[in-house]
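Chain residues, written in single-letter form:
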Amino acid sequence: MALYDVLLALVPSPVVALNRAAALAMRDGPEAGLALLDELADEPRLRGYHPYPTARADLLRRLGRFPEAAAAYREALELAGTEPERAHLRRRLHAVETPCA
């Protein structure tokens, strides 16, 4: 987190902020990371950038919020640029659409 704080001060960008939110989620849990991601929701430079909805989907999945995670995975799937990315997202989508009991 300290390194992302420095990087964000030096290079303030939404992509750095997105990565900082992911680091925060690893340190403090998915709710903390999701709160930071939600603050970036209206950032125009993240529209069309599939890692944003992918990160949201992953944190929502970790929180057990499967319908919301599925919607975010679908959004990421529409934006993903390569077939390996789409295949990964399809697997993740399938997992939240049919979660284990």
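Just so we're clear, the structure is a prediction, and the values are computed from it rather than from any experiment.

(A) Structural view of the overall build of the protein. The helix and strand tally for the protein stands at six helices and zero strands. In sequence order, the protein lays out its α and β elements as α-α-α-α-α-α. For 101 residues, the compact-globule estimate of 2.2 N^0.38 gives 13 Å, and the C-alpha radius of gyration of the protein, at 14 Å, lies within 12% of that figure. Taken along the three principal axes of its C-alpha coordinates, the protein extends 40 × 30 × 20 Å. Sequence separation of 24 or more characterises 38% of the internal contacts of the protein that already satisfy a separation of 6 or more. Carbon and sulfur atoms make up 58% of the accessible area of the protein, which amounts to about 6000 Å² in all. With 13 positive and 14 negative side-chain charges, the protein shows a separation of 4 Å between the mean positions of the two kinds.

(B) Structural detail: a nonpolar patch on the surface. A cluster of nonpolar residues, V6, L7, L10 and V11, forms a patch on the protein surface that exposes about 360 Å² of accessible area. Following the sequence through the fold, L7 ends up in helix α1 (residues 2-10). Judged by relative accessible area, L7 falls into the partly exposed class, the value being 35%.

(C) Quick look at the layout of surface pockets. By volume, the largest pocket is sized at about 180 Å³. Every residue lining the largest pocket is listed: L18, N19, A22, A25, M26, P51, A55, D58, L59 and R62. For the lining of the largest pocket, the secondary structure elements donating two or more residues are α2 (14-28) and α4 (51-62). In terms of residue class, the lining of the largest pocket is made up of seven nonpolar, one polar and two charged.

(D) The arrangement of the nonpolar core in detail. Counting 24 residues, the largest nonpolar core has L18, L37, L40, Y52, Y73 and V96 as its most contacted members. Among the elements of the structure, α2, α3 (30-39), α4, α5 (66-79) and α6 (83-97) are those that each provide at least two residues to this core. When near neighbours in sequence (up to four residues on either side) are disregarded, L37 contacts L18, A21, Y52, A55, R56 and L59.

(E) Representation of the confidence of the model for the protein. Summarising the model, the protein shows a mean pLDDT of 95, and 98% of its residues fall at 70 or more. At the level of individual helices and strands, the protein shows its lowest average pLDDT in α1, which scores 94, and its highest in α4, which scores 98.

(F) Quick look at the side chain of D58. Relative to the helices and strands, D58 resides in helix α4. Among the polar contacts listed, one links the side chain of D58 to the side chain of R92, at a separation of 3.0 Å. Apart from residues no more than four positions distant in its own chain, D58 is found in contact with Y73 and R92.

(G) Here's a closer look at the side chain of T54. Residue placement: T54 occurs in helix α4. Look at T54 and you get buried, because its relative accessible area is 13%.

What counts and how
Residues numbered from 1 in each chain as written. Predicted model: local features only at pLDDT ≥ 70, side-chain atom pairs only at ≥ 80, totals over all residues. Heavy atoms only, no water. Helix = DSSP H or I, 4+ residues; strand = E, 2+ residues; numbered from the N terminus. Rg over C-alpha atoms; globule rule 2.2 N^0.38 Å. Contact = heavy atoms within 4.5 Å. Areas by Shrake-Rupley, 256 points an atom, 1.4 Å probe, with all protein chains shown as cover. Lys, Arg positive; Asp, Glu negative; His and termini not counted. Charge placed at Lys NZ, Arg CZ, Asp CG, Glu CD. Patch = residues over 30% accessible without salt bridge, like charges linked within 9 Å, V, L, I, M, F, W, Y side chains within 5 Å. Salt bridge = Lys/Arg side-chain N within 4 Å of Asp/Glu carboxyl O. Buried < 20%, exposed > 50% of the residue type's maximum accessible area, 1.4 Å probe, protein only. 1 Å grid on protein atoms, 1.4 Å probe; cavity = no way out; pocket = protein on both sides within 12 Å on 5 of 7 lines; lining within 4 Å. Points joined across faces, edges and corners; volume = space filled by probe spheres on them. Nonpolar A, V, L, I, M, F, W, Y, C, P; charged D, E, K, R; others polar. Core = buried A, V, L, I, M, F, W, Y, C linked by side-chain atoms within 4.5 Å. pLDDT = per-residue confidence, 0-100. Polar contact = N/O pair within 3.5 Å; in protein donor to acceptor, adjacent residues only side chain to side chain.

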